[in-house]
Amino acid sequence: MHEVVVLSGKGGTGKTSLTAAFAHLAQNKVICDLDVDAPDLHLIAAPSHVRSERFLSGHLAEIDPRVCTRCGVCEEVCAFGAIDRADGTFTVDPGHCEGCKACVVLCPAQAIRFPERDCGVWHQSESRFGPMVHAQLDPGQENSGKLVTLLKAEARREASRRGLDLILSDGAPGVGCPVISSLSQATLAVLVTEPTPSGRHDLERVAELCRHFRIPAAVVLNKADLDEGQATAIETLCRTMDMPLLGRLPHDPEVVWAMVKGQAITENPDSAFGSEVRRIWSWITDLLFNLPARTS
Ligand code: SF4
Ligand code: SF4
């Protein structure tokens, strides 16, 4: 089984539009949206949920007002300022509680419960492009790396169950924890960038990350015609870092229109942009043919 993860050093490079086009073109795959903080692949893939489960991670202190004696010990021991006192009543601010358990252990009245924290929801779905695994982390919740790991495991399980040989993932932007989790066991990272100084800088950072984890990487330069000088600089970076440049895609308003219509750009048979994406996907499948599968 192969895993292809589409990444970009930052948002707004066209990563999800490209992933959706690949999802339209790829055969025998599970698609996976690993951008759990701000997922949007579902806008094009139109999934119907088959199974939905809450994502529980870490713990949260909860004071039982019927047992609390209002001694104030929890307020003293909480290093995160998470205990609120209003009118003599003690409560926990979920936005500040780090789940360290100090108050639970030290509360003389044993008035503090410590349930698992409900951080979001994940779904196993059927989409226009086949089976899909995706999630939504609740606002302000952390642990996105752990949720990404869960989604990847579910995608592998689903692919194995159906005898599918590819997992195609839309990764999170940036180079943080969810991106590192996205790269785990990936066969190939496709890095989408644009010809700006920040695009080049972010490409370099995510490429370094791939190199660190020994994940082969290839690059797609989107909106390549916006700045020829920066486009050339990115080509030079690709050569320096020994990454194939799979294609230079032009800035094309049609891509945005396809997104507005909830379509992948490759669903329009007359689109020149879509034809170039087809050629890029064909190159990716050639690369996969020569790369060792990472999972079974
Ligand atoms: S330590 Fe326990 S009993 Fe004391 S104020 Fe906090 S919750 Fe109430
Ligand atoms: S679990 Fe830790 S962070 Fe949360 S309220 Fe208790 S002491 Fe504060």
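A short tour of the structure in this document, coming up. (Residues numbered from 1 in each chain as written. Chains lettered and ligands numbered in written order. Predicted model: local features only at pLDDT ≥ 70, side-chain atom pairs only at ≥ 80, totals over all residues.)

The subject of this paragraph is the environment of Val 77. Mapped onto the secondary structure, Val 77 falls in helix α3 (residues 73-77). With 26 residues separating them along the chain, Val 77 and Cys 103 place their C-alpha atoms 6.4 Å apart. When sequence neighbours within four positions are dropped, the list of residues in contact with Val 77 reads Ala 102, Cys 103 and Leu 106. (Helix = DSSP H or I, 4+ residues; strand = E, 2+ residues; numbered from the N terminus. Contact = placed C-beta atoms within 7 Å.)

Now for the sheet that holds strand β2 (residues 29-33). In space, the nine strands of this open sheet follow the order β3-β8-β9-β2-β10-β1-β11-β12-β13, with mixed pairing throughout. With one partner strand each, in any of the chains shown, β3 (48-59) and β13 (245-248) form the two edges of the open sheet. Between one strand axis and the next, the sheet turns through 20° on average, direction left out of account. Across five bridges, strand β11 (residues 188-193) lies against strand β12 (residues 217-221) in parallel orientation. Note on β12: the bridge partner recorded for Ala 189 is Ala 217. Where helix α7 (residues 197-212) meets the sheet, its contacts fall on β1 (2-8), β11 and β12, and the angle it forms with β11 comes to roughly 170°. (Pairing = 2+ DSSP bridges. Axes fitted to C-alpha atoms, helices over the stretch in contact; angles between N-to-C directions.)

With that out of the way, let us pick up the site of ligand 1. Taken together, 13 residues are adjacent to ligand 1, and Cys 68, Cys 71, Val 73, Cys 74 and Cys 107 come closest. Looking at the shell around ligand 1, its residues break down into ten nonpolar, two polar and one charged. (Near = placed C-beta within 6 Å. Nonpolar A, V, L, I, M, F, W, Y, C, P; charged D, E, K, R; others polar.)

In this structure, Ala 189 and Leu 191 are the most contacted members of the largest nonpolar core, which totals 70 residues. Considering each element in turn, this core owes the most residues, six residues, to helix α1 (residues 15-25). If sequence neighbours within four positions are ignored, Ala 189 has contacts with Val 5, Leu 7, Leu 183, Cys 210, Ile 215 and Ala 217. (Core = buried A, V, L, I, M, F, W, Y, C linked by C-beta atoms within 7 Å. Buried ≥ 20, exposed ≤ 12 C-beta atoms within 10 Å, placed from the backbone.)

So, on to α7. The end-to-end C-alpha distance of α7, which contains 16 residues, comes to 23 Å, matching closely the 22 Å that a straight helix rising 1.5 Å per residue would cover. Every buried residue belonging to α7 is among Gly 199, Asp 202, Leu 203, Val 206, Ala 207, Leu 209 and Cys 210, and all of these are buried. The arc that holds the buried residues of α7, viewed along the axis, is 155°, so those residues lie on one side. Seen from the buried face of α7, the exposed residues on the opposite side, beyond 90 degrees, are Pro 197 and His 212. Two residues or fewer past α7, Arg 214 is found with a positive phi of approximately 55°. (Expected span 1.5 Å × (residues − 1). Arc of directions from axis to C-beta.)

Below, the discussion takes up helix α10 (residues 272-289). With 18 residues, α10 should reach 26 Å at 1.5 Å per residue; the first-to-last C-alpha distance of 26 Å fits that figure. Here α10 has its buried residues at Phe 273, Gly 274, Val 277, Ile 280, Trp 281 and Ile 284. Seen end-on, α10 carries its buried residues on one side only, within an arc spanning 115°. Along α10, exposed side chains directed more than 90 degrees from the buried face belong to Ala 272, Arg 279, Ser 282, Asp 286 and Phe 289.

Moving on, we get to the pairing of β2. Burial of β2 is extensive: five of the five residues sit out of reach of the surface. Direction of pairing for β2 relative to strand β10 (residues 166-173): parallel, over a ladder of five bridges. Bridged to Lys 29 within β10 is Leu 166. In the sheet, β2 pairs with strand β9 (residues 130-137) via two bridges, with the strands oriented parallel. Residue pairing in the sheet places Ile 31 in a bridge with Met 132 of β9.

The next point concerns the pairing of β10. Two faces belong to every sheet, and in a regular strand the side chains alternate between them. Within β10, eight of the eight residues are buried, which leaves the element mostly enclosed by the surrounding structure. Bridge analysis of β1 against β10 gives six bridges, and the strand direction is parallel. What sits directly across from His 2, in β10, is Leu 166.

The subject of this paragraph is unusual backbone geometry. Peptide bonds are trans in most cases, and residues, glycine excluded, mostly fall at negative phi. Positioned with a positive phi, Arg 214 is a non-glycine residue whose angle comes to about 55°. Among the structural elements, Arg 214 can be located in the loop between α7 and β12. Here Arg 214 falls in the exposed class, since 7 other C-beta atoms lie within 10 Å of it.

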